[in-house]
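# Coordinates in review
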Amino acid sequence: MNRLLTISTAAFAFAATSATGAFAVPVTFGTNWLAQAEHGGYYQAVVDGTYAACGLEVTIQQGGPQVAGRPLLLAGKIDFYMGGNMQQAFDAVAQNIPLRVVAASFQKEPQVVMSHPGEGLDTWEELPKADQYIIGDEGAQSFLLWMAEEYGFDLSKRVPYTFNPAPFIANKKSIQQGYVTSEPFAIEKEGGFVPNQFLLADYGYDTYSTTIEAMQDTIDKRPEVVQCFVDGSARGWYNYLYGDNKAANEAIKKDNPDITDDQIAFSIAQMKKFGIVDSGDAEKLGIGAMTDERIQSFYDKMVKAKVMPADIDIKKSYTLDFVNKGVGLDLKP
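The notes below deal with the structure included here. Note that the structure is a prediction, hence the values are computed from the model and not measured.

### Looking at the sheet that holds strand β9 (residues 196–199)
The five strands are arranged β7-β6-β8-β5-β9 in an open sheet whose pairing can be described as mixed. With one partner strand each, in any of the chains shown, β7 (158–160) and β9 form the two edges of the open sheet. The sheet shows a mean angle of 30° between the axes of neighbouring strands, direction not considered. Bridge count between strand β5 (residues 111–115) and β9: four bridges; the pairing is antiparallel. Each bridged residue has a counterpart across the sheet, and for V112 the counterpart in β9 is L199. Here helix α7 (residues 143–151) sits on the sheet and contacts β5, β6 (132–135), β7 and β8 (174–179); the angle it forms with β6, its principal contact strand, is near 150°.

### What to know about the environment of E250
As for its placement among the helices and strands, E250 is situated in helix α12 (residues 246–255). Counting along the chain gives 11 residues from E250 to D261, while the straight-line C-alpha distance between them is 9.4 Å.

### Remarks on the packing of aromatic side chains
Applying the stated criterion across every chain, the model contains 23 aromatic pairs. Ring centres 5.8 Å apart and planes at 70° place the aromatic pair F106 and W237 in the edge-to-face group. Residue F106 is located in strand β4 (residues 99–106), and its partner W237 is located in helix α11 (residues 223–242); the two are separated by 131 residues in the primary sequence. By the burial criterion, F106 is buried, and W237 matches it. Ring pairs connect the aromatic residues F90, W124, Y133, F143, W146, Y151, F153, F198, Y203, Y205, F298 and Y299, which therefore count as one cluster.

### Observations concerning empty space enclosed by the protein
A full pass over the atoms with the stated rule returns three cavities of 30 Å³ or more. Considering only enclosed or pocket space, the largest cavity measures out at about 80 Å³ in volume. Looking at the largest cavity, it is lined by 14 residues, and the ones nearest its centre are I287, F322, V323, N324 and V327. Examining the composition of the lining of the largest cavity, we find that three residues originate from one element, α11, more than from any other.

### Structural notes on the state of the cysteines
Disulfides are covalent bonds that connect the sulfur atoms of two cysteines. Within the structure shown, the criterion is met by one disulfide. There is a disulfide in this structure between C54 and C228, and the S-S distance comes to 1.6 Å. Here the disulfide of C54 and C228 is right-handed, its torsion about the S-S bond being about 70°. Placement of C54 in the loop between α3 (50–53) and β2 (56–61) and of C228 in helix α11 is noted, with a sequence separation of 174 residues between them. One exposure class covers both C54 and C228, and it is buried.

### Let's talk about the sheet that holds strand β3 (residues 80–85)
Two modes of strand pairing occur in sheets, parallel and antiparallel, and in both the strands are linked by backbone hydrogen bonds. A sheet is described by the order of its strands in space; here five strands give the open sequence β2-β1-β3-β10-β4, paired in mixed fashion. The open sheet has two free edges, formed respectively by β2 and β4, since each of these has just one partner strand. Looking at each pair of strands side by side, their axes are set apart by 30° on average, direction ignored.

### Notes on the side chain of T50
Topologically, T50 is positioned in helix α3. The exposure class of T50 is buried, given its relative accessible area of 14%. At 2.6 Å, the side chain of T50 forms a polar contact with the side chain of D48. When near neighbours in sequence (up to four residues on either side) are disregarded, T50 contacts A45, G232, R235 and N239.

### Re the layout of surface pockets
One number sums up the size of the largest pocket: a volume of about 1500 Å³. Along its surface, the largest pocket is lined by 50 residues, and W33, Q36, F163, Y179 and E183 are the ones closest to its centre. Among the secondary structure elements, those contributing two or more residues to the lining of the largest pocket are α4 (69–74), β3, α5 (86–94), α6 (137–140), β8, α9 (183–191), β10 (209–215) and α13 (261–273). The leading source of residues in the lining of the largest pocket is β3, at five residues. When grouped by side-chain class, the residues that make up the lining of the largest pocket number 18 nonpolar, 23 polar and nine charged.

Definitions and cut-offs
Residues numbered from 1 in each chain as written. Predicted model: local features only at pLDDT ≥ 70, side-chain atom pairs only at ≥ 80, totals over all residues. Heavy atoms only, no water. Pairing = 2+ DSSP bridges. Helix = DSSP H or I, 4+ residues; strand = E, 2+ residues; numbered from the N terminus. Axes fitted to C-alpha atoms, helices over the stretch in contact; angles between N-to-C directions. Contact = heavy atoms within 4.5 Å. Phe/Tyr/Trp six-rings, centres within 6.5 Å; stacked < 30°, edge-to-face > 60°. Buried < 20%, exposed > 50% of the residue type's maximum accessible area, 1.4 Å probe, protein only. 1 Å grid on protein atoms, 1.4 Å probe; cavity = no way out; pocket = protein on both sides within 12 Å on 5 of 7 lines; lining within 4 Å. Points joined across faces, edges and corners; volume = space filled by probe spheres on them. Disulfide = S-S within 2.5 Å. Polar contact = N/O pair within 3.5 Å; in protein donor to acceptor, adjacent residues only side chain to side chain. Nonpolar A, V, L, I, M, F, W, Y, C, P; charged D, E, K, R; others polar.

Following this line, the structure appears as structure tokens:
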């Protein structure tokens with residue numbers, strides 16, 4: 001209670017001072033991939049002044065295939081980093097790295113498994129009998145192990161995913177990993193059909209995703225900055241999903257000229273359809289919400305599947321001090 005009171009008091013003073021225009025704290029947020037609609041809430045909060053309203057001057061530093069973002073966070077070169085899911089945070093604890101997840105922008109991991117319709121692979125229960133599983137190395141060491149443990153998928157059927165949809169399109173008896181906001185769009189354009197899409201989160205892979213990570217030193221010394229960034233991001237996501245997102249999309253395209261309007265529109269529609277951002281805990285607690293129970297549940301599953309060791313103090317991987325306050329719920333239609 002004292003911790004929360006201290007943060008609230010500091011945040012109030014921070015906001016009051018910033019409202020006078022006395023200062024703006026420069027903050028850099030590193031994303032883990034090229035600019036896309038899946039980053040839309042953060043871009044929205046920059047372009048519509050949401051971050052600025054509580055005293056932050058936020059720069060989004062986009063990631064990409066040649067960018068190692070988390071080391072920049074550890075080195076103090078950026079203030080916040082976009083994590084993938086809770087597994088990376090657990091790994092950080094195991095390596096004694098003092099970072100914590102301070103919010104989870106996605107309630108659901110966007111990871112899907114896709115199959116060809118009408119080929120006897122139209123239900124989740126039928127997927128294990130596919131001829132081959134096209135899964136990348138990272139997936140083979142994480143969610144595929146969980147799929148094998150929980151649902152009997154055969155690890156010997158796995159072949160590498162090279163981010164080329166051609167092998168999946170050619171083999172109608174195969175299944176392939178993908179992000180629900182991305183690969184189905186590519187399959188439809190290149191293969192001429194809409195694949196079956198099975199969101200792992202809907203079958204028990206209950207990690208939070210697209211997390212906001214901060215170093216413990218930042219949390220300890222600048223809690224008001226963390227609170228402003230978490231709150232601003234939540235409001236940004238509500239405005240991006242339910243409001244006018246044209247300026248945010250233009251900013252995304254400026255940073256990533258290769259992305260198209262069609263891809264952005266598809267990704268937004270998929271995030272809404274599958275409840276990637278606004279579902280589960282977020283429906284009552286606000287976007288960014290996390291609970292001890294959900295995080296413990298995911299960790300237990302990773303231990304059972306032998307993805308993670310059983311001796312990690314996962315309470316060191318996150319903090320609930322900055323979330324679950326219903327911020328932005330008033331912006332939802």
